[in-house]
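Each chain, written out:
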Amino acid sequence: MIVAIDGPAGAGKSTVAKLIAAKLRYVYLDTGALYRAVAWKALATGTDTTSPNAMKRLCESTQLTIRHAEDGGMVVEVDGRRLTSEIRAPEVTRAAAQVAAIAEVRSWLLPIQQGFGRRKDVAGIVAEGRDLGTRVFPEAPVKFFFKADLEERARRRHQELMTAGKVNASDLSETSRALDARDGQDQSRDVSPLRPAEDAEVIDTTSLTAEEVVEHMLSTIERKAAAHQ
Ligand code: C5P
């Protein structure tokens, strides 16, 4: 069983995907972490994050490994180095949206993600990102697309960054601007732009708690899983 969740930043995808994975004992696939890991290596090696040729070479010389963390989360290793909070830094976030617009990067990451989806040793996977329902797992029996007002998404992201000690309270408007700019890039790129799959259920999470979203999704998953068997 593959549950695909797409949507803009701050719509609640990661929080909810981890809760669903824990409840159903599925594994969690954070595809944004893969783009972030590629962007992190590009910045660390001084590679031009807007150059398709340079990024293609970088990808082809990279060993990317996905590991599961004890807490149900996911950790990426690049060339044997375990990446955690460094891929959440604002400059990596900006670079991730740049490298994600490059077709060569997307096609290099595609089989890595799809290989994960073919795993037979797990009951199911909950994958989240921008193009899971449209490109990576178009055959997924359960697809959701989250949306939420920009103000609420910025508030959530700002809270996360503050908890991680990455911004101070006065930076909310900057967080909102950065989020909006990144969504604009993700929606307007030529390759796999952010948009709901035709068969995705759209959920507006603006005024819902994570638990409310999870409860609703679990009933959909149960229904679709029964129909799928
Ligand atoms: O989800 P997260 O914010 O970690 O993703 C970082 C960036 O990676 C996004 O802004 C987007 O540009 C890119 N991304 C993507 N396709 C995915 C997941 C992430 O283009 N499936």
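Residues numbered from 1 in each chain as written. Predicted model: local features only at pLDDT ≥ 70, side-chain atom pairs only at ≥ 80, totals over all residues. Heavy atoms only, no water.

## What to know about the sheet that holds strand E4 (residues 74-78)
The strand order E3-E4-E5 describes an open sheet built from 3 strands, whose pairing is antiparallel. Bordering the open sheet on either side are strand E3 (64-68) and strand E5 (81-83), each of which pairs with just one other strand. For this sheet, the mean angle separating the axes of adjacent strands, direction not counted, is 35°. Note that E4 and E5 share 3 bridges and pair antiparallel. Following the sheet pairing, Glu77 is matched in E5 by Arg82. Of the strands in this sheet, E3, E4 and E5 touch helix H2 (residues 31-44), which is tilted by about 30° from E4. (Pairing = 2+ DSSP bridges. Helix = DSSP H or I, 4+ residues; strand = E, 2+ residues; numbered from the N terminus. Axes fitted to C-alpha atoms, helices over the stretch in contact; angles between N-to-C directions. Contact = heavy atoms within 4.5 Å.)

## Focus: the packing of H2 against helix H3 (residues 52-60)
It is at 11 Å that the axes of H2 and H3 come closest, and there the two elements cross at 105°. Of the possible angle classes, the one that applies to H2 and H3 is roughly perpendicular. Residue-level contacts link Val38, Lys41 and Ala42 of H2 to Met55, Leu58 and Cys59 of H3. Within the contact of H2 with H3, the residues separate by chemical class into 5 nonpolar, no polar and 1 charged. (Parallel < 35°, antiparallel > 145°, perpendicular 65-115°, else oblique. Nonpolar A, V, L, I, M, F, W, Y, C, P; charged D, E, K, R; others polar.)

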